[in-house]
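# Report on the structure
So the chains spell out like this:
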Amino acid sequence: MKFPVSRPRRLRKSQALRDMVRETAVSVNDLICPLFVKHGRNVKIPIQSMPGYYQLSVDHTVKEAREINRLGIKAVILFGIPDRKDALGSMAYAPHGIIQETVQRLKDAVPELVIITDVCLCEYTDHGHCGVVKGNDVDNDATLELLARMALSHAQAGADMVAPSDMMDGRVGAIRKHLDENGFSMLPIMSYAAKYASSFYGPFREAAESAPSFGDRKTYQMDPANAREAFREVELDVQEGADLVMVKPALPYLDVITRLRSRFDLPIAAYNVSGEYALVKAAEKLGWIDGPKVMMECLCSIKRAGADLIVTYFAKEVAKVLKGL
Ligand code: PBG
């Protein structure tokens, strides 16, 4: 039916009507809050390019996790900053590494909070790449064993879910097999399945001290120009046993989320990455945008695109807005 019979504005007349016909809502259940953990006590180091975000020692991380839990957020994802790095990232799978210790403390302090761990070597290697370097590149198959060991050590510490973000081929299968063989067949894997070689990770690399010392990540992370390739990546990860898949970054890749949503039935997460957070915070600081409103619009668009879960540095702020705080 055409205008003037059809008038879409009729249903926009009042707040109540708009609320009634709203198609998408962000819920506190959708949020996963990232945390950066560092050795030491009473350490709280601001991250310059991520206002409001800090590297935290374990004691502060426990406090933060309690607050996150009080706000109704269901899950955190942990990134560790080790005190020692080497070529093989051995602190990533050390029984008393920073993540292993943090997971234990968090499970004691806030048992109901879902603890997800990021599984990737880049924070732990002295060259900053996500795996074992041979020549000028990362050796895929040599890296798989280390990732599997890392995931198992997180599981043994008590993690509720592991999230491989390295983008090696076959890593979900290698991790699944190693977990299953060691009594963790019920531990879910959230794979960063479509992770792009993005410049939006800049602030994270400051936060996690994980910038590559040479080259870039283009031989393992996806080309930003490719969407069809995301089907292949997800297909492989699903075959290898991924329980949830992730698209990363989120906002510049909403089309990828939508396409994956139409083809796959398993839950899809999107990572609203550090650069997306920094853009909003910077423009807000300059007085150029209304930060909280832009934040809510960004998260709503990620849901509208088809994501079920959103990993976001805005998690606490969003939870407060949703609670009317
Ligand atoms: C580890 C990892 C990265 C991010 C999450 N896990 C960085 C990278 O791949 O260089 C980025 C997250 C963000 O930017 O918020 N590989």
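Notes on the structure in this doc start here. (Residues numbered from 1 in each chain as written. Predicted model: local features only at pLDDT ≥ 70, side-chain atom pairs only at ≥ 80, totals over all residues. Heavy atoms only, no water.)

Quick look at unusual backbone geometry now. Phe 3 connects to Pro 4 through a cis peptide bond whose omega is 10°. Along the chain, Pro 4 falls in the segment before helix H1 (15-20). The phi dihedral of Asn 42 falls on the positive side, at around 55°, and the residue is not glycine. Following the sequence through the fold, Asn 42 ends up in the loop between strand E1 (31-38) and strand E2 (44-46). (Helix = DSSP H or I, 4+ residues; strand = E, 2+ residues; numbered from the N terminus.)

As a further point, take a positive patch on the surface. The grouping of Arg 7, Arg 9, Arg 10, Arg 12 and Lys 13 at the surface amounts to a positive patch. Note on placement: Lys 13 falls in the segment before H1. Of the residues examined, Lys 13 reaches a relative accessible area of 69% and is grouped as exposed. (Patch = residues over 30% accessible without salt bridge, like charges linked within 9 Å, V, L, I, M, F, W, Y side chains within 5 Å. Areas by Shrake-Rupley, 256 points an atom, 1.4 Å probe, with all protein chains shown as cover. Salt bridge = Lys/Arg side-chain N within 4 Å of Asp/Glu carboxyl O. Lys, Arg positive; Asp, Glu negative; His and termini not counted. Charge placed at Lys NZ, Arg CZ, Asp CG, Glu CD. Buried < 20%, exposed > 50% of the residue type's maximum accessible area, 1.4 Å probe, protein only.)

Note on placement: Gln 156 falls in helix H4 (residues 140-157). Residue Gln 156 is classed as exposed on the basis of its relative accessible area of 53%.

In this section: the packing of aromatic side chains. In this structure the tally under the stated criterion is 12 aromatic pairs. Residues Tyr 196 and Tyr 253 carry aromatic rings whose centres are separated by 4.2 Å and whose planes lie at 20° to one another, so their mutual orientation is stacked. A residue pair is termed long-range when its members are at least 10 positions apart, and Tyr 196 in the loop between strand E9 (190-195) and helix H6 (202-207) and Tyr 253 in the loop between strand E10 (244-248) and helix H8 (254-263) qualify at 57 residues. Of the two residues examined, Tyr 196 and Tyr 253, each falls in the buried class. One aromatic cluster is present, formed by Phe 36, Tyr 53, Phe 79, Tyr 192, Phe 204, Tyr 271, Tyr 277, Tyr 313 and Phe 314 through successive ring pairs. (Phe/Tyr/Trp six-rings, centres within 6.5 Å; stacked < 30°, edge-to-face > 60°.)

Put simply, helix H7 (residues 228-240) and H8 touch, their axes get as near as 10 Å, and they point 50° apart. Between H7 and H8, the crossing angle belongs to the class labelled oblique. Judged by the twist between their axes, the crossing of H7 over H8 is right-handed. Within the contact between the two elements, H7 uses Arg 228, Ala 230, Phe 231 and Val 234 and H8 uses Val 256, Arg 259, Leu 260 and Arg 263. (Axes fitted to C-alpha atoms, helices over the stretch in contact; angles between N-to-C directions. Parallel < 35°, antiparallel > 145°, perpendicular 65-115°, else oblique. Left-handed = near helix turned anticlockwise from the far one by under 90°. Contact = heavy atoms within 4.5 Å.)

Around the ligand, 18 residues are found, and the nearest of them are Lys 195, Arg 205, Lys 248, Ser 274 and Tyr 313. At 3.5 Å, a side-chain N or O of Ser 165 approaches a nitrogen atom of the ligand. Across the complex, the protein chains shield 100% of the 400 Å² of accessible surface that the ligand would expose by itself. Within the shell around the ligand, the residues separate by chemical class into 10 nonpolar, three polar and five charged. (Near = heavy atom within 4 Å. Polar contact = N/O pair within 3.5 Å; in protein donor to acceptor, adjacent residues only side chain to side chain. Nonpolar A, V, L, I, M, F, W, Y, C, P; charged D, E, K, R; others polar.)

Function cannot be read off these values alone, since they describe shape.
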